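Fold and geometry: a report
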Amino acid sequence: YVTRHPGTAAQAIQDLDPGDAASLVRAAPPRAIAEVLARMGADSAVRIVNRLAPEISRRAMAESDPAVAIAVLRRLGGDDVQRALLGSLPPARRREVETYLSYPENSAGSLMDPTAPVFREDARVSEVAAALRGSRRFDDNVVMVVTPEGQLRGTITIVEVLLASPDQRLTSLRIQTSPTIEAFASREEVAELLERQRLAAMPVVDVTGRPVGALSQRALALVAEQDVAADMQA
């Protein structure tokens, strides 16, 4: 079932305890596990990866889309865990992932928070709220919401999530369309976008439209300050 219907499987297991979800997918081929993880929000995916055997995790990451692999890597325990998993990838995939991990200085990718919360549109409010509490991230203003295919659909304010009924799905809440910027965009491009719109946070996406992080309010404020300073110097 996981192999033939990864989208349906992802929807079904995201409501389960992460240990139970890991038990259901661990027997599937690595490619099938990767397809399921790609259809879940990164925060839900990493909770399952953490409960898979290391060898299974490595094989699944080797089969994963680079954006998915990066999102999981950046949410894993410590640097040693990340290096071990990265080092286990096939050379070509490792180089591809490392490219995305090494964004140019002052690019949107280098300024973003790569662990900004991301959830599927059909995730339950209870799951999202529990993950937010567990991460103890107090500065987030929004969560990013993705489709079952991993494409960014929009954002929802944290306040709206916490005030909603625990059994509601995110798709039933008010998902707001948000301006996005590609990870390799320059700081100047970020500043130009800020001139046109006031934003609490800005999703950062890869070339396929999948979120790889977000520019927080603090980062956006820093970009605006640097832009003003550059204008004054000029």
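Cut-offs applied
- Residues numbered from 1 in each chain as written.
- Predicted model: local features only at pLDDT ≥ 70, side-chain atom pairs only at ≥ 80, totals over all residues.
- Heavy atoms only, no water.
- Buried < 20%, exposed > 50% of the residue type's maximum accessible area, 1.4 Å probe, protein only.
- Helix = DSSP H or I, 4+ residues; strand = E, 2+ residues; numbered from the N terminus.
- Pairing = 2+ DSSP bridges.
- Contact = heavy atoms within 4.5 Å.
- Polar contact = N/O pair within 3.5 Å; in protein donor to acceptor, adjacent residues only side chain to side chain.
- Salt bridge = Lys/Arg side-chain N within 4 Å of Asp/Glu carboxyl O.
- 1 Å grid on protein atoms, 1.4 Å probe; cavity = no way out; pocket = protein on both sides within 12 Å on 5 of 7 lines; lining within 4 Å.
- Points joined across faces, edges and corners; volume = space filled by probe spheres on them.
- Nonpolar A, V, L, I, M, F, W, Y, C, P; charged D, E, K, R; others polar.
- Patch = residues over 30% accessible without salt bridge, like charges linked within 9 Å, V, L, I, M, F, W, Y side chains within 5 Å.
- Areas by Shrake-Rupley, 256 points an atom, 1.4 Å probe, with all protein chains shown as cover.
- Lys, Arg positive; Asp, Glu negative; His and termini not counted.
- Charge placed at Lys NZ, Arg CZ, Asp CG, Glu CD.

Some words on the pairing of strand E5 (residues 202–205)
Burial of the side chains of E5 extends over both faces: Met202 and Val204 are buried on one face and Pro203 and Val205 on the other. One ladder, built from two bridges, connects strand E4 (residues 181–182) with E5; its direction is parallel. Looking across to E5, one finds that Ile181 is bridged to Val204. Sheet topology places E5 next to strand E6 (residues 211–215); four bridges connect them, and they run antiparallel.

What about the environment of Arg75?
Looking at where Arg75 falls in the secondary structure, it is placed in the loop between helix H6 (66–73) and helix H7 (79–87). You can call Arg75 buried: its relative accessible area is 15%. Those residues in contact with Arg75 that lie beyond four places of it in its chain are Ala42, Asp43, Val46, Pro114, Thr115, Ala116, Pro117 and Val118. At a separation of 3.3 Å, a polar atom in the side chain of Arg75 contacts the main-chain carbonyl oxygen of Pro114.

Considerations on the pattern of salt bridges
Side chains bearing opposite charge may pair, as long as their charged atoms lie close to each other. Counted by the stated rule, this structure contains 12 salt bridges. The partner of Arg169 in a salt bridge is Asp15, and the shortest N-O contact between them spans 3.0 Å. With Arg169 in the loop between helix H11 (158–163) and E4 and Asp15 in the loop between helix H1 (6–13) and helix H2 (18–25), this residue pair connects regions lying 154 residues apart in the sequence. Judged by its relative accessible area of 33%, Asp15 falls in the partly exposed class. One salt bridge in this structure joins Arg120 and Asp122, with 2.4 Å as the shortest N-O distance.

Brief notes about the layout of surface pockets
Of the volumes computed, that of the largest pocket is approximately 310 Å³. Lining the largest pocket are 17 residues, and of these Asp113, Asp139, Asp140, Ser216 and Gln217 lie nearest its centre. The set of elements that each furnish at least two residues to the lining of the largest pocket consists of strand E2 (142–146), E6 and helix H13 (217–233). The leading source of residues in the lining of the largest pocket is H13, at three residues. Taken together, the residues that form the lining of the largest pocket break down as nine nonpolar, three polar and five charged.

Observations regarding a negative patch on the surface
Residues Glu182, Glu189, Glu192 and Glu195 make up a contiguous surface patch of negative charge. Sorting elements by how many residues they give to the negative patch places helix H12 (residues 187–196) first, with three residues. As for its position among the elements, Glu189 is in helix H12.

What to know about empty space enclosed by the protein
Under the counting rule described, the total for this entry stands at four cavities of 30 Å³ or more. Taken as a whole, the largest cavity holds about 170 Å³ of empty space. Lining of the largest cavity is provided by 19 residues; of these, Met40, Ala42, Val68, Ala71 and Pro211 occupy positions nearest its centre. Looking at the lining of the largest cavity, the elements with two or more residues in it are helix H3 (30–38), helix H4 (42–49), H6 and E6. Top element by residues in the lining of the largest cavity is H6. It accounts for four residues. Counted by class, the lining of the largest cavity contains 14 nonpolar, three polar and two charged residues. For the second largest cavity, the calculated volume is near 60 Å³. Taken together, Ile13, Gln14, Leu16, Pro18, Ala21, Ser44, Arg47, Ile48 and Glu127 make up the full set of residues lining the second largest cavity. For the lining of the second largest cavity, the secondary structure elements donating two or more residues are H2 and H4. The element best represented in the lining of the second largest cavity is H4, accounting for three residues. When its residues are assigned to classes, the lining of the second largest cavity shows five nonpolar, two polar and two charged.

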